[in-house]
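Observations on the model geometry
For reference, the chains in residue letters:
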Amino acid sequence: MENRELSCIFDLINEAYPSLGILDSLDVWLSGEFEPPVAYIQTQEVSERGNTLTSYKIISDAGIVLHHRKKKLVGGQEVYEPISTEPLRQLLRRERYSYRGKTDGLYINIDNTTFRVRSDKKDRTEITFRFEYTVPIPITDMPRVQTFEIEEDWNS
């Protein structure tokens, strides 16, 4: 399921920030071998439980890190150019904190009470939230019973 989750978050970031590069490799992110501006995304499944007789519900956490580009000022001083979170906020508000991925059609509901933005570091902004989605239970092809044999006891 995680590939579908990542795909959906990819689509969300691409729609909010069309010109921003996206990174999902933890090894590359930890090594720092990337050129900002870039968004690092990851998802983590929290729980899975039955929802109806034909579906189950997945609850996951998402983390998005927007890495800011360095900009040189007159005089050679470098400062970070922050990436605004407004495009993402506006998109989520417009969609009422729900989003359907363009790649595979996964429909997620974002819990807006868990939506957090941390911008206390100069070089990045961190966004976290919890979301849920339902997945149908696969129907297996079982041979159907077409003939019924009934035994009746007429002596009772």
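Residues numbered from 1 in each chain as written. Predicted model: local features only at pLDDT ≥ 70, side-chain atom pairs only at ≥ 80, totals over all residues. Heavy atoms only, no water.

1. Looking at the overall build of the protein
For the protein, the count of helices and strands is three helices and eight strands. Its helices and strands in sequence order give the protein the pattern α-β-α-β-β-β-β-α-β-β-β, from N to C terminus. Dimensions along the principal axes, computed over C-alpha positions, put the protein at roughly 105 × 30 × 25 Å. Burial analysis of the protein (156 residues in total) assigns 33% to the buried set. Summarising the internal contacts of the protein: among those between residues at least 6 apart in sequence, 56% fall at separations of at least 24. For the protein, the exposed area adds up to about 10800 Å²; of that, 48% sits on carbon and sulfur atoms. Counting 20 positive and 26 negative side-chain charges, the protein places the centres of these two groups 13 Å from one another. (Helix = DSSP H or I, 4+ residues; strand = E, 2+ residues; numbered from the N terminus. Buried < 20%, exposed > 50% of the residue type's maximum accessible area, 1.4 Å probe, protein only. Contact = heavy atoms within 4.5 Å. Areas by Shrake-Rupley, 256 points an atom, 1.4 Å probe, with all protein chains shown as cover. Lys, Arg positive; Asp, Glu negative; His and termini not counted. Charge placed at Lys NZ, Arg CZ, Asp CG, Glu CD.)

2. Quick notes on unusual backbone geometry
Cis rather than trans, the peptide bond between Pro36 and Pro37 has omega equal to 5°. Looking at where Pro37 falls in the secondary structure, it is placed in the loop between helix H2 (26–31) and strand E2 (38–50). One non-glycine residue, Arg96, lies in the positive phi region at around 55°. Counting through the fold element by element, Arg96 comes out in the loop between helix H3 (86–94) and strand E6 (98–100). Phi is positive for Tyr97, close to 55°, though the residue is something other than glycine.

3. Quick word on the side chain of Thr43
You can see Thr43 is positioned in strand E2. Polar side-chain contacts of Thr43 include one of 3.2 Å to the side chain of Glu5. (Polar contact = N/O pair within 3.5 Å; in protein donor to acceptor, adjacent residues only side chain to side chain.)

4. What to know about the sheet that holds strand E8 (residues 124–136)
Read from one edge to the other, the open sheet built from six strands follows the order E1-E2-E3-E8-E7-E6, with strand pairing classed as mixed. Whereas interior strands pair on both sides, the edge strands pair on one side only; in this sheet they are strand E1 (21–23) and E6. In this sheet, neighbouring strand axes are inclined to one another by 35° on average, regardless of whether the strands run parallel or antiparallel. Bridge count for E1 against E2 is three bridges, and the pairing is parallel. Bridged to Gly21 within E2 is Val38. (Pairing = 2+ DSSP bridges. Axes fitted to C-alpha atoms, helices over the stretch in contact; angles between N-to-C directions.)

5. Things to note about H3
What H3 keeps buried is the set Leu88, Leu91 and Leu92. Down the axis of H3, the smallest arc covering the buried residues is 95°, so these residues share one side. Of the residues trailing H3, Arg96 is marked for its positive phi of about 55°. (Arc of directions from axis to C-beta.)

6. Re the packing of aromatic side chains
Within this structure, the stated rule accounts for five aromatic pairs. Ring centres of Tyr97 and Phe115 lie 6.2 Å apart, and the angle between their planes is 75°; this geometry places the pair in the edge-to-face category. A residue pair is termed long-range when its members are at least 10 positions apart, and Tyr97 in the loop between H3 and E6 and Phe115 in strand E7 (residues 107–121) qualify at 18 residues. Considered together, Tyr97 and Phe115 belong to a single accessibility category, that of buried residues. Seen in terms of ring centroids, Phe129 and Phe131 are 6.2 Å apart; in terms of plane orientation they differ by 55°. Their pairing is tilted. You can call Phe131 buried: its relative accessible area is 1%. One aromatic cluster is present, built from ring pairs that chain together Tyr97, Phe115, Phe129, Phe131 and Tyr133. (Phe/Tyr/Trp six-rings, centres within 6.5 Å; stacked < 30°, edge-to-face > 60°.)

Function cannot be inferred from these measures alone, as they are strictly geometric.
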